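# Reading the structure
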Amino acid sequence: MFSIGVFGFLARRNLLIIFISIELMLNSVNISLVAFSHYLQSMRGQILVFFVITVAAAEAAIGLAILIAYYKNNPTIKVDEINILKG
Amino acid sequence: MLKYTLIPLLPFISFLVNILFGRNYIKDKAHWIAVPAVAGSFLLAVSAFFDVLGGNNVNINIYSWIVSGNFNVSVGFLIDQLSAIMLIVVTSISTLIFIYSIGYMHGDGGYYRFFAYLSLFVFSMLMLVMGNNFLVMYFGWEAVGLCSYFLIGFWFHKKSAGDAGKKAFIVNRFGDFGFGLGVILIYLTFGSLEYMQVFDKAGSIAGQTINLLGYDVSLVTLICLLLFCGAVGKSAQIPLHVWLPDAMEGPTPVSALIHAATMVTAGVFMVARCNPLFSMSHTAMNTVAIVGGVTAIFAATIALVQNDIKRVIAYSTVSQLGYMFLALGVGAYSAGIFHLYTHAYFKALLFLGSGSVIHALHHAGHHDEQNMQKMGGLKKYMPITYKVFILATLSITGIPFFSGFFSKDEILWRAYQGGDLGKFLWLLAALAALLTAFYSWRLIFLTFHGTFRGTHEQEHHIHESPPVITVPLMCLAFGAVFAGYVGIPPIFLEHGDRIGEFLAPVLGHPEGHGSHAEEIFVILVSIVVAVMGWLIAYKMYIRNTELPQKMETRFPGIHRVLFNKYYIDELYSKTIVQPVLKASDKIILGFDTYIIEGIVNGVPELIGAFSRKFREVQTGMLSNYALVMAIGAVCIVGIWIFLK
């Protein structure tokens with residue numbers, strides 16, 4: 001699941017898909033954290049999961065906000081065409 | 001002890017106060033600080049003089065200046081007969097000139113600056129004179145040079161003044177280089193810089209030689225010649241005399257104080273101070289005497305035809321300094337110092353008198369106020385200036401019973417006793433005395449006699465200078481007439497040569513024998529030449545005023561050479577100044593463009609080139625960033641696992 005996320009992150013050109021890939025990676029980490037926490041009989045992993053979920057939510061909100069702001073100026077969400085930061 | 005410290009300290013305080021607060025607070029009240037300070041040090045100097053007269057010589061260290069291993073130098077004072085006389089000369093003339101400057105510099109924009117520099121000069125000169133070791137003297141030596149530079153270029157908006165200041169400074173550097181080497185050599189030889197220790201050990205190095213470029217040179221001769229190098233520069237002797245006439249660009253009080261009465265005599269003082277060393281080296285003594293004698297006559301010939309009133313007096317100064325060195329060179333140290341002392345008064349008087357003339361003409365709207373050809377007939381407008389001028393001229397030309405007569409005659413007499421070389425130098429000096437009389441009277445006749453050669457309008461506005469100028473003139477005139485009475489030759493008055501006897505503990509008794517008849521002959525010759533000089537000048541400039549013109553057309557070559565000062569300036573310009581300038585142009589072109597600019601411009605260009613390359617990394621492509629991030633993460637994890 002993490003690998004699918006990485007692949008999507010690297011290969012796809014649609015910004016929304018890239019976001020979803022990032023979420024995918026985060027959630028794969030969450031699942032493995034919960035699994036290990038259960039296996040090791042420790043609550044630490046599960047606490048960390050809550051933090052990750054929180055951060056992911058915030059990140060998604062900010063990311064989408066940027067995306068919308070950008071889309072209003074340049075009607076595209078293809079990363080190939082987004083290069084205004086080129087040095 | 002505090003008394004001696006205060007002598008130089010008072011002018012220094014005046015300098016500090018004036019330079020720090022002058023521009024905003026003191027402004028044209030600067031003399032209220034400077035004059036009391038220098039007058040105070042004059043009074044202290046007089047008291048120090050009486051201490052010495054009472055047999056109380058002082059040699060104290062005030063403060064450890066440099067302590068480094070075996071090398072110890074203190075700031076210390078040595079007040080003996082020699083420095084006591086110098087103290088009196090320096091402080092008394094400074095006081096009068098400070099007062100004179102109140103009138104002369106009135107209304108100048110840099111009034112406070114002028115007094116600050118003058119005070120600094122007095123401080124430096126006093127340090128030079130009072131120091132008890134060579135390093136303090138060297139400090140004073142350089143500091144007076146610096147002040148001289150400031151003051152020559154005082155009117156720095158005039159290009160010629162700025163150039164003259166630079167010239168003085170650079171020419172002096174040549175001499176000071178030698179002086180510096182001399183001081184170093186003294187330290188290496190004696191292991192100390194204090195006068196007393198050096199002179200005590202002086203006998204031990206007689207006959208020692210030093211290998212210099214394959215030749216064996218007597219050590220003491222080398223030391224003396226190096227020291228004398230400095231004296232040549234500071235006292236404007238051949239071949240480094242070129243700066244002094246140009247130094248007349250400075251304000252007249254500066255010319256009087258620095259370039260006539262005090263600073264230029266530093267060389268004479270130094271040689272006299274080092275007399276135990278000089279006396280040991282025949283070669284050095286002869287060099288001093290010959291340089292002095294040649295300079296005396298050389299400068300006098302130039303002075304014959306100059307038209308700038310201050311330049312005539314400047315060349316006269318060079319010539320008189322030549323006399324002093326001549327005296328030192330024949331071993332008559334006290335005669336040299338005696339002439340220094342009388343010369344200070346009458347030469348300062350001549351300069352201040354010419355300053356008074358210039359001041360009057362300037363206020364009358366004269367545009368060429370220093371050109372004697374444009375003056376004339378000032379006698380009836382400026383009676384006081386005229387009278388003091390006459391007194392100073394009588395003194396400088398050596399008319400009997402004026403102070404210049406006693407000191408000049410002493411020198412001529414001592415030179416006459418000095419063997420064949422001495423006789424030859426005596427001849428030179430007597431000839432120079434004739435020329436001196438001629439050009440001094442020429443100056444008077446051109447300036448004060450005849451009819452005014454400016455416009456009628458200007459003539460109407462000429463009037464005598466205010467009392468603040470004339471009173472110092474009168475005081476100096478008193479000195480110019482009577483200063484010589486401390487050194488009446490024994491032939492006239494038993495024990496008349498009081499100054500010689502006073503200085504004897506430091507400078508020794510001059511050797512030499514001669515009969516009374518010879519002495520009277522020498523005196524008669526000097527009187528005859530003085531009167532002859534006056535007669536010739538009278539004939540040429542009063543009786544038959546076309547005569548100078550005729551002479552000029554008759555001997556155009558000689559006149560041109562003299563008028564252009566033997567083309568020495570041109571010679572130096574061609575052989576030294578221009579090549580150096582050209583070479584430095586080349587060096588600047590190469591060094592500056594390729595090395596300095598290479599470094600300065602190269603560093604930012606290198607950074608720029610790197611950043612241009614690295615900029616391409618920022619593609620702006622999110623996917624590229626993402627890829628790099630992923631690779632980075634993999635690498636970090638890889639390294640972490642690998643290191644485990």
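No experiment lies behind these values; they were computed from the predicted model shown. (Residues numbered from 1 in each chain as written. Chains lettered and ligands numbered in written order. Predicted model: local features only at pLDDT ≥ 70, side-chain atom pairs only at ≥ 80, totals over all residues. Heavy atoms only, no water.)

### Overview of the overall build of chain B
Helix and strand counts for chain B come out as 26 helices and 4 strands. C-alpha extents for chain B along the principal axes are approximately 115 × 70 × 50 Å. Going through the 644 residues of chain B one by one, you find that 55% of them count as buried. Within chain B, contacts between residues at least 6 apart in sequence are counted, and of these 80% link residues at least 24 apart. If you sum the accessible surface of chain B, you get close to 27,700 Å²; carbon and sulfur atoms cover 68% of it. (Helix = DSSP H or I, 4+ residues; strand = E, 2+ residues; numbered from the N terminus. Buried < 20%, exposed > 50% of the residue type's maximum accessible area, 1.4 Å probe, protein only. Contact = heavy atoms within 4.5 Å. Areas by Shrake-Rupley, 256 points an atom, 1.4 Å probe, with all protein chains shown as cover.)

### Remarks on helix α15 (residues 333-363) of chain B
Residues and elements named next belong to chain B. Here α15 contains 31 residues, and its C-alpha end-to-end distance of 44 Å stays within 8% of the 45 Å for a straight helix at 1.5 Å per residue. Along α15, the sharpest kink reaches roughly 30 degrees, centred on His343. Within α15, 29 of the 31 residues are buried, leaving the element largely enclosed by the surrounding structure. Positive phi appears at Gly365, one or two residues downstream of α15, with a value of about 80 degrees. (Expected span 1.5 Å × (residues − 1). Bend = angle between axes of the 7 residues up to and from the residue.)

### What about the environment of B:Pro276?
Residue and element names in this part refer to chain B. Within the secondary structure, Pro276 is located in helix α12 (residues 275-278). Taking the relative accessible area as the measure of exposure, Pro276 reaches 25% and is therefore partly exposed. Residues Pro276 and Val198, 78 residues apart in the sequence, show an inter-C-alpha distance of 9.2 Å.

### Some thoughts on the environment of B:Asp176
Residue and element names in this part refer to chain B. Here Asp176 is to be found in helix α6 (residues 159-190). Taking the C-alpha atoms as reference, Asp176 lies 9.2 Å from Val232; in sequence the two are 56 residues apart. Look past the residues within four positions of Asp176 in its chain and what remains in contact with it is Tyr138, Trp141, Glu142, Gly230 and Lys234. Of note is the side chain of Asp176, whose polar atom sits 3.2 Å from the side chain of Arg173. (Polar contact = N/O pair within 3.5 Å; in protein donor to acceptor, adjacent residues only side chain to side chain.)

### Re the pairing of strand β3 (residues 209-212) of chain B
Relative to strand β4 (residues 215-218) of chain B, β3(B) runs antiparallel, the two being bridged by 4 bridges. Counterpart to B:Ile210 in the pairing with β4(B) is B:Val217. (Pairing = 2+ DSSP bridges.)

### Some remarks on the environment of A:Ala57
Tracing the sequence through the fold places A:Ala57 in helix α3 (residues 44-73). Expressed as a C-alpha distance, the spacing of A:Ala57 and A:Ser3, which sit 54 residues apart in the sequence, is 21 Å.

### With respect to the packing of aromatic side chains
Residue and element names in this part refer to chain B. Within the structure shown, the criterion is met by 44 aromatic pairs over all chains. An angle of 55 degrees between the planes, with centres 6.4 Å apart, marks the rings of Phe21 and Tyr25 as tilted. On the criterion of helical spacing, the pair formed by Phe21 and Tyr25 is a turn pair, its members being 4 residues apart in helix α1 (residues 2-26). Ring-pair connections join several aromatic residues into one group, and the members of that group are Phe98, Tyr111, Phe114, Phe115, Phe154 and Trp155. The lysine or arginine in question, Arg173, covers the ring of Phe169, its NZ or CZ lying 4.7 Å from the ring centre. Taking NZ or CZ as reference, Lys423 lies 4.6 Å from the ring centre of Tyr416, over its face. (Phe/Tyr/Trp six-rings, centres within 6.5 Å; stacked < 30°, edge-to-face > 60°. Lys NZ or Arg CZ within 6 Å of the ring centre and 35° of its normal.)

### A few points about the packing of helix α5 (residues 134-152) of chain B against α6(B)
Pairs of packed helices are described in terms of their axes, by the angle between the two and the distance that separates them. Residue and element names in this part refer to chain B. At a minimum axis separation of 8 Å, α5 and α6 run at an interaxial angle of 175 degrees. One element, α5, and the other, α6, form an angle in the roughly antiparallel class. Taken together, the residues of α6 that come into contact with α5 (itself represented by Phe134, Met137, Tyr138, Trp141, Glu142, Gly145, Leu146, Tyr149 and Ile152) are Ala161, Ala164, Gly165, Lys166, Ala168, Phe169, Arg173, Asp176, Phe179, Gly180, Val183 and Ile186. Of the residues contributing to the contact of α5 with α6, the split by class is 14 nonpolar, 3 polar and 4 charged. (Axes fitted to C-alpha atoms, helices over the stretch in contact; angles between N-to-C directions. Parallel < 35°, antiparallel > 145°, perpendicular 65-115°, else oblique. Nonpolar A, V, L, I, M, F, W, Y, C, P; charged D, E, K, R; others polar.)

### Some thoughts on the side chain of B:Lys310
All names here are of chain B. Structurally, the position occupied by Lys310 is in helix α14 (residues 309-329). No salt bridge is formed by the buried Lys310. Its closest oppositely charged neighbour is Asp308, at 7.0 Å. Each residue touching Lys310, except ones within four places of it in the same chain, is listed here: Met248, Gly250, Pro251, Thr252, Ser255, Phe351, Ser354, Ile358 and Gln370. (Lys, Arg positive; Asp, Glu negative; His and termini not counted. Salt bridge = Lys/Arg side-chain N within 4 Å of Asp/Glu carboxyl O.)

### Examining the nonpolar core
Residues and elements named next belong to chain B. Ranked by internal contacts, the top residues of the largest apolar core, which has 215 residues, are Ile93, Leu277 and Phe278. The element best represented in this core is α15, accounting for 18 residues. Beyond its immediate chain neighbours, meaning those up to four positions away, Ile93 contacts Ile88, Leu257, Ala261, Ala344, Tyr345, Ala348 and Leu476. (Core = buried A, V, L, I, M, F, W, Y, C linked by side-chain atoms within 4.5 Å.)

### Considering the state of the cysteines
All chains considered together, the criterion is met by 0 disulfides over all chains. Among the cysteines around B:Cys229, which has no disulfide bond, B:Cys224 carries the closest sulfur, lying 12 Å off. (Disulfide = S-S within 2.5 Å.)

### Quick notes on unusual backbone geometry
Residues and elements named next belong to chain B. Going from Ile238 to Pro239, the amide bond is cis rather than trans, its omega being 0 degrees. Inspection of the secondary structure puts Pro239 in the loop between α8 (219-234) and α9 (243-246). Residues other than glycine seldom take positive phi values, yet Ala236 does so here, at roughly 55 degrees. Within the secondary structure layout, Ala236 lies in the loop between α8 and α9. Phi at Lys565 is positive, roughly 55 degrees, even though this residue is not glycine. Note that Lys565 resides in the loop between α24 (556-563) and α25 (568-615). With a relative accessible area of 19%, Lys565 lands in the buried category.

### Considerations on helix α22 (residues 516-543) of chain B
Residues and elements named next belong to chain B. Between its first and last C-alpha atoms α22 spans 38 Å; for 28 residues at 1.5 Å apiece the expected length is 40 Å, and the two agree. Taken residue by residue, α22 has Glu519, Val522, Ile523, Ser526, Val529, Ala530, Gly533, Ala537, Met540 and Tyr541 as its buried positions. Summarising the contacts, the buried residues of α22 are in contact with α16 (383-397), α17 (403-417), α18 (419-448) and α23 (547-554).

### A look at the pattern of salt bridges
Residue and element names in this part refer to chain B. With the rule as written, the count across this model stands at 11 salt bridges over all chains. For Lys3, the salt bridge goes to Asp51, with nearest N and O atoms at 2.7 Å. In this pair, Lys3 is assigned in helix α1 and Asp51 in helix α2 (residues 31-53), connecting sequence segments 48 residues apart. For Arg173, the salt bridge goes to Glu142, with nearest N and O atoms at 2.9 Å. Placement of the pair is Arg173 in helix α6 and Glu142 in helix α5, with a sequence separation of 31 residues. Relative accessible area serves as the criterion here: at 34%, Arg173 is assigned to the partly exposed category.

### Notes on the side chain of B:Thr265
Following the sequence through the fold, B:Thr265 ends up in the loop between α10 (252-261) and α11 (266-273). In this structure, B:Thr265 is in contact with B:Met86, B:Ser235, B:Ala260, B:Leu321 and B:Leu340, ignoring residues within four places of it in sequence.

### With respect to the layout of surface pockets
Residues and elements named next belong to chain B. Approximately 710 Å³ is the volume attributed to the largest pocket. In terms of lining, the largest pocket is formed by 25 residues, of which the most central are Arg442, Met540, Tyr541, Pro548 and Met551. Put simply, the parts of the chain that give the lining of the largest pocket at least two residues each are α18, α22, α23 and α24. Of the residues contributing to the lining of the largest pocket, the split by class is 14 nonpolar, 8 polar and 3 charged. (1 Å grid on protein atoms, 1.4 Å probe; cavity = no way out; pocket = protein on both sides within 12 Å on 5 of 7 lines; lining within 4 Å. Points joined across faces, edges and corners; volume = space filled by probe spheres on them.)

### Some words on the confidence of the model for chain B
Per-residue confidence for chain B gives a mean pLDDT of 87, with 99% of residues at or over 70. Here the predicted complex carries an ipTM of 0.71, next to a pTM of 0.80. (pLDDT = per-residue confidence, 0-100.)

### What about the packing of α5(B) against α8(B)?
All names here are of chain B. Contact geometry of α5 with α8 gives a least axis separation of 12 Å together with a crossing angle of 20 degrees. Between α5 and α8, the angle is such that the two are roughly parallel. Read as a crossing pair, α5 and α8 show a hand that is left-handed. Taken together, the residues of α8 that come into contact with α5 (itself represented by Trp141, Val144 and Gly145) are Gly230, Ala231 and Lys234. For the contact of α5 with α8, the residue count by class is 3 nonpolar, 2 polar and 1 charged. (Left-handed = near helix turned anticlockwise from the far one by under 90°.)

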